[in-house]
Each structure stands twice: as structure tokens, then as C-alpha cells.
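For reference, the chains in residue letters:
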Amino acid sequence: MNRYDSSLQSSTSSATPTPSTEDALYEKSHKIYPREVHGLFATARVAAATILLGIFYLLPWVQWDGRQAVLFDLPARKFYLFGLTLWPQDFLYLTFLLMLAAYALFFFTALAGRLWCGYACPQTVWTESFLWIERKIEGTRQQQMKLDRAPMSLRKFRLKATKHAIWIAFSLFTGFMFVSYFTPARELAVRLAGFALGPWETFWLFFYGFATYGNAGFMREQVCKYMCPYARFQSAMFDNDTLVISYDTKRGDPRGSRRSNVDPKQQGLGDCINCTMCVQVCPTGIDIRDGLQYDCIGCAACIDVCDDVMDKMNYPRGLIRYTTQHELEGGKTQVFRPRILVYGAILIALCGLFAWRLSQRVAVGLDVLHDRNQLYREAAGKIENVYLLKVINKDDATHRYTLAVGGIDGIALAEPNPVIEAASGAVVSVPIAVRAAESALPSSSTPVQFSITAEDDPTLTVSTEAKFLGPAK
Amino acid sequence: MPLWDKTGWIPAPQRVAAVLWITFLMAGIATGAFFSAIDPQELKYCVSFPEVSRLGAYTIGFLLFWLLSASSALIAVFFVYPAPPAAAASGLSDQPADPR
């Protein structure tokens, strides 16, 4: 049960509802000063942050075929993803990618809890970077708290000004790199150096920079608590076999300080020495010993610091550890359970479908619209229908296409071989008339197939069905 | 029963987030869907608007979507609180109640 539930229960059980101002959810927020921590998970977190920030800051500089490898070229309405070029007509693929990402999140949450929050979320990663800068300038947790309590002095002003200047510079650089995903980075850098950025690029640079500065410098854990929808609904994906970070109450309680040479059992104490280190390192300011809480982002800082303390006390490690509810209750963790299998199957199916769709993707599109003014007319002793073809060239080169029509015996174009030429990314409208003998029409509305094929590349072909209308039978 | 009925108060960051942040995400989705179907360069024939680049049109579109969804969220958050007489009678307001 998380704190959200428990506060609900405790307040419903009390006879006179009073505002529980002591409850963390409603507490006026205080600045949290997380203590620096070292250890296995801290190393993993730094590694994850380095890799993710590295990708974010370096990817726009990578070239591919003489252009930026990953570029969401909004002005030109084209998205480049390495060898792939997506047009607005391919919006489906992006939707698909988002769905894949969502399902992957569900799957990993059910399996391993809040891995995303603790290691990969941009909010966590940038907050960690900002905390690192803060520590380099203002010093340790104690030094920071002392500095904030102290009245304004020249030294305090100097430290704060330096910190904010570095934060702002870092934020603006982040904003610049963000804009680089939408306008080519090299070009943008040249224009920035010449103070020739466009107004909209400037706006987004400052917007994203400001958001980074605010979210990573000030909002921090409040983003997770109040702004993040995922933090609120992730408990729906949890079960008793989900990996969570938990304090082993059975082993740790009763808590209390003791001399290192006494056997705690004799004093009636558990293994927790109540040093509060786990609380001091927590970036969201909770006490993990209160049980699973929705404020816990699963960063494992408390595991690292508690293991250190256990080492010093010569107790076994793992008083706070990655575990599952089942294991804590003395059972065994079931990894392959229905929820995991279902999430996993959906994820694999979606991945397969996406790969298949992508492999089937043809860089040409064809829409066929029937003329709205006239259903059909008689011409040269035959029935004639008029259509407007819309040909979309999604390839990177200009192509000429040949048109073929079929599906009805003896159907033919009124004027053979229309010229269909489309530049890269262009949509060309071609009006055409098609004729068929009335005797060949089985009904007043007969399916007819149009297909176009690039003259220079037979694999660039697409077929679309439309209706051929004739007199009522 | 909503949680705030017991406390009579939603923390300010939560109210701000409910109005600005969620609608920011929604405006992003709406902008993506709208402009993938409609090229702003084609809109200039039917909308009399000063000449702007595509990037400018996207930005203006995004801000308008944001303004629209944020206004409705703002009103929704406002209406989530009981009307003044009821609020006064039950001691609910948009401020933390006096613990006495």
C-alpha cells in the first residue's frame, strides 16, 4: 500500500476530518538536500545519465547521407531517422512508435518497478546533473543547508550567482540542442554565432531552456509528485512480484542506536541502527522504512547508503534492497506470471507488426477520388467515369509513374499514358477519365483498381481500389 | 470521495500542474495531429494572417491549442471546489483550513 492510499484510509477512519497537515502529501514543500551517495546503483545511475545525456547532446551532430541523421525537419515537413524518411502521411508510424514506448513502459514497470523513474527519466537525469553542479559549487548537504540558513553575504551571493549562472548556461545549451532536433544543428550553430536565429527558434530555445532550469533546478521531486501522470498510475501495473525497493521491517525493527560491539539481539534491537542515512540521501525526501510509497522513484540511493552502513556495522547487506512483496513475506518471486506474459506478448506482437509495416512501406502513395459533380456519362458508346488521382512521392528522388487500370473487362483510360511526374515529397493531382462497355459492368457500382509504378524502379508501386459507377441494373 | 474533500485543499503545485502541464502535453499531441494532416502553407489561402514561416505557424498553433486546453482546465479546477456558501459551511476553501 502506498502513502496515497494510507492517508485516505487514515482520514476516513477518523471521526472528525481534520486537515492532515503533517501528511507529506499536503506538507508545505521544503527544499530537499539529498546527500551524495556512492555505490553500485549510484554508479549505474551516473552511467545511465551519462549515456542518455550523451545521446541527447551528440545525436544532432551525427551525419547520415550528407544530412543530419536524426532530424524532425518541421519547416520541410519531413522526419529523418537515419536511413528512413517519414512524411506527414506516415504519421501512423510515429503513433505506432509512441504505442510501442507506452507498452514497453508497462512491461518493464510490471517486471521491475520504477526503473524508468530511477534511471532513465529526463526529469531524473537532468535533476541529477543539476544536483551535481550544486554540490560542486555549494559543497556537501550540510554545507548547502548551512549556506541557505546563513544571512546574505558576499560569499553566499558569489556561490549562488555562480551556481545559477552555470545552471542557466547549461539550460540554454540544452535548449539549443533541443531546437537542433528540429533545425539542422550545424546550420543553427552558425546562425547562433552570428546572432541570426529566427524568432521561433529563439522562442523554443528559451522555452526549453527555461523548462530545464525550472524543472531540474527548482521543481525537482515535485514534478514526480504532482506533474507526472505515470507516477500516479504506475501502481496499477504493480503486483506482489514486481521488483520494488523495500526496507526489511522484520529484520530491521525495532530500530535503535547501539555500540558496534554489542549484539543487537541481546538489547532487543533489529539491524536498523536508525542513522537516517536512507532519508538523507532520498531525492524525494521520504523515509523508505515507512513502506512502499508513490513518491519513491526507485533510484536505489538508500540501498547504496544502507549497504555502506551495514558494512561498517559488520551486518549482512540488504536491509534495504530490491525485492518483491512476495519475497518479503517469505515466499518466492514469480517472474513468469500471466501479467508479464500478456504484456510481453503484446509488446512482441506490436514490435513485429511495426517491423512488418515498415518493411512493407512503399515510398509512393495513391489516393483516388471520384468526381463529385457527375456520377457517370456516356461517351463514345461506353460509360465514362472521372477521377482525381493524388500521387504522393515519399522517395528522396523525382519519379515518373505509369498508370494502369483494371478489375473490369475492357476498361481503359480515355486518354492513354497521362504524364505523372512528382518531385520528392510532392503531391500531384491528375484528373483522368476511364471508359468501360456497359455490358462489362455487373452492377451499378463495380470495384476498379488503379495502380501506379515508377518507370525507373518497379518496386515503387502501389494499388488503390475505387468504385466505377454506371446505370442502374 | 475525492481526497481533497477531507482536507479541503489542493496544493498549489498540483493545481498549477493540473492546469498547465497536462494541457501542455495535450496541446503537443493536438499540434502533431493537426499539422500532420494540414500544411500551414495551404492554410494561408483561407486565413488572412501576417506571413509566417511553417515553424511560426506550428508555434502559434501549439500556443493556441495550449491556451484553449489550459482555459478549460483552469475552469475545471475552479469548479472542482464547492461554491462559496457550501464551502463556508463545511469549512472548505482553496486555502488550508485552520487546524484549530
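Residues numbered from 1 in each chain as written. Chains lettered and ligands numbered in written order. Predicted model: local features only at pLDDT ≥ 70, side-chain atom pairs only at ≥ 80, totals over all residues.

Visitor: Even after reading the chapter, I still don't get the overall build of chain A, so can you show me in this structure?
Guide: A tally of helices and strands in chain A yields 17 helices and 16 strands. Counting only C-alpha atoms, chain A reaches 110 × 60 × 45 Å along its principal axes. The 473 residues of chain A split such that 26% are buried. At a minimum sequence separation of 6, the contacts of chain A that also span at least 24 residues come to 67%. (Helix = DSSP H or I, 4+ residues; strand = E, 2+ residues; numbered from the N terminus. Buried ≥ 20, exposed ≤ 12 C-beta atoms within 10 Å, placed from the backbone. Contact = placed C-beta atoms within 7 Å.)

Visitor: Looking at this model, I keep getting lost on the confidence of the model for chain A. Mind explaining?
Guide: Should pLDDT be low for a region, the predicted coordinates there are not to be read in detail. Residue and element names in this part refer to chain A. On average, residues of chain A score 87 in pLDDT, and 94% of them reach the 70 mark or higher. The secondary structure element of chain A with the lowest average pLDDT is helix α1 (residues 3–13), at 38, and the one with the highest is helix α7 (residues 154–179), at 96. Confidence drops under pLDDT 50 across residues 1–27; counting only partners more than four residues distant or on other chains, this segment forms 38 contacts. (pLDDT = per-residue confidence, 0-100.)

Visitor: Looking at this structure, I do not really get the packing of helix α2 (residues 40–58) of chain A against helix α15 (residues 301–313) of chain A. What am I missing?
Guide: A pair of packed helices can be characterised by two numbers: the angle between their axes and the separation between those axes. Residues and elements named next belong to chain A. With their axes 7 Å apart at the nearest point, α2 and α15 run at an angle of 145 degrees to one another. Residues Leu40, Phe41 and Ala42 of α2 touch α15, and the partners they reach there are Ala301, Ile303 and Asp304. Grouping the constituent residues of the contact of α2 with α15 by class yields five nonpolar, no polar and one charged. (Axes fitted to C-alpha atoms, helices over the stretch in contact; angles between N-to-C directions. Nonpolar A, V, L, I, M, F, W, Y, C, P; charged D, E, K, R; others polar.)

Visitor: Looking at this structure, how should I read the sheet that holds strand β11 (residues 399–406) of chain A?
Guide: As a general point, the strands of a sheet are linked pairwise by backbone hydrogen bonds and lie either parallel or antiparallel. Residue and element names in this part refer to chain A. Strand order in the open sheet formed by four strands is β13-β11-β15-β16, and the pairing between neighbours is antiparallel. A strand with exactly one partner marks an edge of an open sheet, and here the two such strands are β13 (420–422) and β16 (461–469). Strand-to-strand twist of the sheet, defined as the mean angle between neighbouring strand axes without regard to direction, takes the value 30 degrees. Both strand β15 (residues 445–454) and β16 contribute to a ladder of nine bridges, which runs antiparallel. When the sheet's bridge partners are listed, Phe450 is paired in β16 with Thr464. (Pairing = 2+ DSSP bridges.)

Visitor: Quick question: what am I supposed to make of unusual backbone geometry here?
Guide: Trans peptide bonds make up most of the peptide bonds, and negative phi angles are found at most residues other than glycine. Residues and elements named next belong to chain A. The linkage connecting Asp253 with the following residue, Pro254, adopts the cis geometry, with an omega of -5 degrees. In this structure, Pro254 sits in the loop between α12 (249–252) and α13 (264–267). Non-glycine residue Ala300 carries a positive phi angle of around 70 degrees. With respect to the element layout, Ala300 can be found in the loop between α14 (277–281) and α15. The residue Ala380 is not glycine, and still its phi comes out positive at about 50 degrees. Here Ala380 shows up in the loop between β9 (377–379) and β10 (382–393). A residue is classified by how many C-beta atoms lie within 10 Å of it, and Ala380, with 7 of them, is exposed.

Visitor: Would you mind showing me how to read the sheet that holds strand β4 (residues 78–81) of chain A here?
Guide: All names here are of chain A. Spatially, β3-β4-β5 is the arrangement adopted by the three strands of the open sheet, whose pairing is antiparallel. Two strands lie at the open edges of the sheet, namely β3 (70–73) and β5 (84–86), each paired on one side alone. Averaged over all neighbouring strand pairs, the angle between strand axes comes to 15 degrees, with direction disregarded. In the sheet, β4 pairs with β5 via three bridges, with the strands oriented antiparallel. Within the sheet, the bridge partner assigned to Tyr80 lies in β5 and is Thr85.

Visitor: Just to check I follow, could you spell out the nonpolar core for this structure?
Guide: The nonpolar side chains of soluble globular proteins are, as a tendency, buried together. All names here are of chain A. Residues Ile245, Cys278, Ile288, Ala301, Cys302 and Ile320 are the most contacted members of the largest nonpolar core, which totals 41 residues. Taken together, the elements giving at least two residues each to this core come down to α2, α5 (122–138), α9 (199–219), α10 (221–227), β6 (244–247), α14 and α15. Per-element accounting of this core gives the leading share, five residues, to α15. Not counting the four nearest positions on each side in its chain, Ile245 is found in contact with Ile288, Cys296, Gly298, Ala300, Cys302, Ile303, Ile320 and Tyr322. (Core = buried A, V, L, I, M, F, W, Y, C linked by C-beta atoms within 7 Å.)

Visitor: Sorry, what's going on with α9(A) here?
Guide: Quick reminder: α-helices carry 3.6 residues per turn. Residues three or four places apart thus point the same way. Here α9(A) is 21 residues long and its end C-alpha atoms lie 28 Å apart, about the 30 Å a rise of 1.5 Å per residue gives. Among the residues of α9(A), those classed as buried are A:Trp200, A:Glu201, A:Trp204, A:Leu205, A:Gly209, A:Thr212, A:Tyr213, A:Ala216, A:Gly217 and A:Met219. Against α5, α7, α8 (185–193) and α10 of chain A together with α4 (54–80) of chain B lie the buried residues of α9(A). Immediately downstream of α9(A), the backbone of A:Arg220 shows phi near 40 degrees, a positive value. (Expected span 1.5 Å × (residues − 1).)

Visitor: What am I meant to see in α15(A) here?
Guide: Residue and element names in this part refer to chain A. Here α15 is 13 residues long and its end C-alpha atoms lie 19 Å apart, about the 18 Å a rise of 1.5 Å per residue gives. Every buried residue of α15 is accounted for by Ala301, Cys302, Ile303, Asp304, Val305, Cys306 and Asp307. In this fold, the buried residues of α15 make contact with α2, β6, α14 and β7 (320–323). Where α15 ends, the next residue or the one after it, Asn314, has phi of about 60 degrees, a positive value.

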